[in-house]
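Below are the chains, spelled out letter by letter.
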Amino acid sequence: MKTSGASASASPLLEADRLALQAGERWLCCEFSLKLAMGECLVLLGPNGAGKTTLLHTLAGLRAPSVGTVRLGGAPYSEWSTLDAARFRGVLPQQQPDHFAASVLESVLIGRHPHLGRWGWEGTDDERIARAALADVGLTGFEQRDILTLSGGERQRVAVAALLAQAPTLFLLDEPLNHLDLRYQIAVLSLFRQLADQGRGVVMVLHDINLAARFADHIILLDGQGGVIAGDRDTVLQADCLSHAFGHPLRRFELDGRITFVPD
Ligand SMILES: Nc1ncnc2c1ncn2[C@@H]1O[C@H](COP(=O)(O)OP(=O)(O)OP(=O)(O)O)[C@@H](O)[C@H]1O
């Protein structure tokens, strides 16, 4: 069981060593390594089916790597208890499955479960944290709404609020911008960027290259044919690499100091 906060805080939040991933018969990516420190944001980019979700799930400890190792806070997932891992890293899935009616507040309070005491009751502190998380995603006033009545974007923001309430050190986000309009795309990415700047770590799958250019420190670009380019944002975000990976020509512009890629 991983319980040593001291060693977890001294190590990189996340490390992958000589990682390679396979789905069925197909190799999604050749061997590569990564390290994510506190304060950093890593974006996973690539075309549909390239293996971004598979990679995110592997980094989250939800599936074993085909080759190589993953270490969370300095230790392999096998040394973490489920509860300690849930306190240290939180995952935003690509889809939010809702099978039962529940209030928005109850749904966000699920994020507090790894922190509850022995009897599993949520206290006033948990409720305060959940309400603050709802405020962070612009959903104050939605607390008593049935989750099944929400729009797609509202539901996505509830999922983000539940993850904020979980308050992990490392956030792993699979397409966090799903269903969000332009304003909330920027708001949600700014929120996670701020959390990274305050010392957390963020790994996220994005489809928008320009938002990746704006918010990432590091990029892993999967080309869909097993190729991987991993490195600093400015090293990886080159028009030729991106055009090759996405199978469509892109041009790079600099506008008011901001890098922008435009498809031909
Ligand atoms: N059990 C399996 N057997 C065969 N292929 C699989 C299996 N599981 C996943 N795949 C394939 O692995 C590939 C990677 O899937 P993944 O969901 O990681 O891609 P992605 O980059 O996140 O794609 P998207 O952008 O479409 O969400 C896909 O082509 C998928 O069909």
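Residues numbered from 1 in each chain as written. Predicted model: local features only at pLDDT ≥ 70, side-chain atom pairs only at ≥ 80, totals over all residues. Heavy atoms only, no water.

An unreviewed UniProt entry annotates the protein as ABC transporter ATP-binding protein originating from Parazoarcus communis. In UniProt, the protein has this text filed under Function (unreviewed entry): "Part of the ABC transporter complex HmuTUV involved in hemin import. Responsible for energy coupling to the transport system." (UniProt positions renumbered as here; feature names shortened; annotations may be inferred.)

J.: Just checking my understanding: could you explain the packing of aromatic side chains for this structure?
T.: Pairs of aromatic rings are described using the distance from one ring centre to the other and the angle between the two planes. Scanning all chains against the criterion turns up 2 aromatic pairs. Judged by centre distance (5.2 Å) and plane angle (70°), the rings of Phe 171 and Phe 192 are edge-to-face. In this pair, Phe 171 sits in strand S7 (residues 170-174) while Phe 192 sits in helix H7 (residues 182-197), placing the two residues 21 residues apart along the sequence. The burial state of Phe 171 is the same as that of Phe 192; both residues are buried. (Phe/Tyr/Trp six-rings, centres within 6.5 Å; stacked < 30°, edge-to-face > 60°. Helix = DSSP H or I, 4+ residues; strand = E, 2+ residues; numbered from the N terminus. Buried < 20%, exposed > 50% of the residue type's maximum accessible area, 1.4 Å probe, protein only.)

J.: Would you take a moment to explain helix H6 (residues 152-166) for this structure?
T.: In an α-helix there are 3.6 residues to a turn, and that puts residues three or four apart on one side. Relative to the 21 Å expected for 15 residues at 1.5 Å per residue, H6 spans 21 Å between its end C-alpha atoms, a close match to the ideal helical length. Within H6, 14 of the 15 residues are buried, leaving the element largely enclosed by the surrounding structure. Ala 167 sits one or two positions beyond H6 and adopts a positive phi of about 55°. (Expected span 1.5 Å × (residues − 1).)

J.: Sorry if this is basic, but what is going on with unusual backbone geometry here?
T.: Leaving glycine out, the prevailing phi sign among residues is negative, and the prevailing peptide bond configuration is trans. Even without glycine at this site, Arg 18 takes up a positive phi of about 45°. Inspection of the secondary structure assignment puts Arg 18 in strand S1 (residues 14-23).

J.: I would appreciate a short explanation of the sheet that holds strand S4 (residues 67-72) in the present structure.
T.: Paired through backbone hydrogen bonds, the strands of a sheet run either parallel or antiparallel to each other. One open sheet holds the 4 strands; their spatial order is S2-S1-S4-S5, and the pairing between them is antiparallel. The outermost strands of the open sheet, each flanked by one partner alone, are strand S2 (26-36) and strand S5 (75-76). One ladder, built from 7 bridges, connects S1 with S2; its direction is antiparallel. When the bridges of S2 are listed, Leu 14 appears paired with Leu 36. Running at roughly 135° to S1, helix H2 (residues 52-59) makes contact with S1, S2 and S4 of the sheet. (Pairing = 2+ DSSP bridges. Contact = heavy atoms within 4.5 Å. Axes fitted to C-alpha atoms, helices over the stretch in contact; angles between N-to-C directions.)

J.: Help me understand the site of the ligand in this model?
T.: If you check the shell around the ligand, you find 15 residues, and the closest are Gly 49, Gly 51, Lys 52, Thr 53 and Thr 54. Note that an oxygen atom of the ligand is positioned 2.8 Å from one of the backbone N or O atoms of Gly 49. Between the ligand and the protein, one listed contact pairs an oxygen atom with a side-chain N or O atom of Thr 54 at 2.5 Å. Mapped by element, the contributors of at least two residues to the shell around the ligand are S2 and H2. At 3 residues, H2 tops the list of elements feeding residues into the shell around the ligand. In terms of residue class, the shell around the ligand is made up of 4 nonpolar, 8 polar and 3 charged. (Near = heavy atom within 4 Å. Polar contact = N/O pair within 3.5 Å; in protein donor to acceptor, adjacent residues only side chain to side chain. Nonpolar A, V, L, I, M, F, W, Y, C, P; charged D, E, K, R; others polar.)

J.: Please explain the side chain of Glu 15 as it appears in this structure.
T.: With respect to the element layout, Glu 15 can be found in strand S1. Despite being buried, Glu 15 has no salt bridge partner; Arg 71 is the closest side chain of opposite charge, sitting 4.1 Å away. Not counting residues up to four positions away in its chain, the partners in contact with Glu 15 are Leu 34, Lys 35, Thr 69, Val 70, Arg 71 and Gly 74. (Lys, Arg positive; Asp, Glu negative; His and termini not counted. Salt bridge = Lys/Arg side-chain N within 4 Å of Asp/Glu carboxyl O.)

J.: Would you explain the UniProt feature "domain: ABC transporter" (unreviewed entry) in the protein in this entry?
T.: With numbering aligned to this structure, UniProt lists the feature "domain: ABC transporter" (unreviewed entry) at residues 14-249. For residues 14-249, the end-to-end C-alpha separation is 33 Å, with 36% helix and 25% strand making up the annotated structure.

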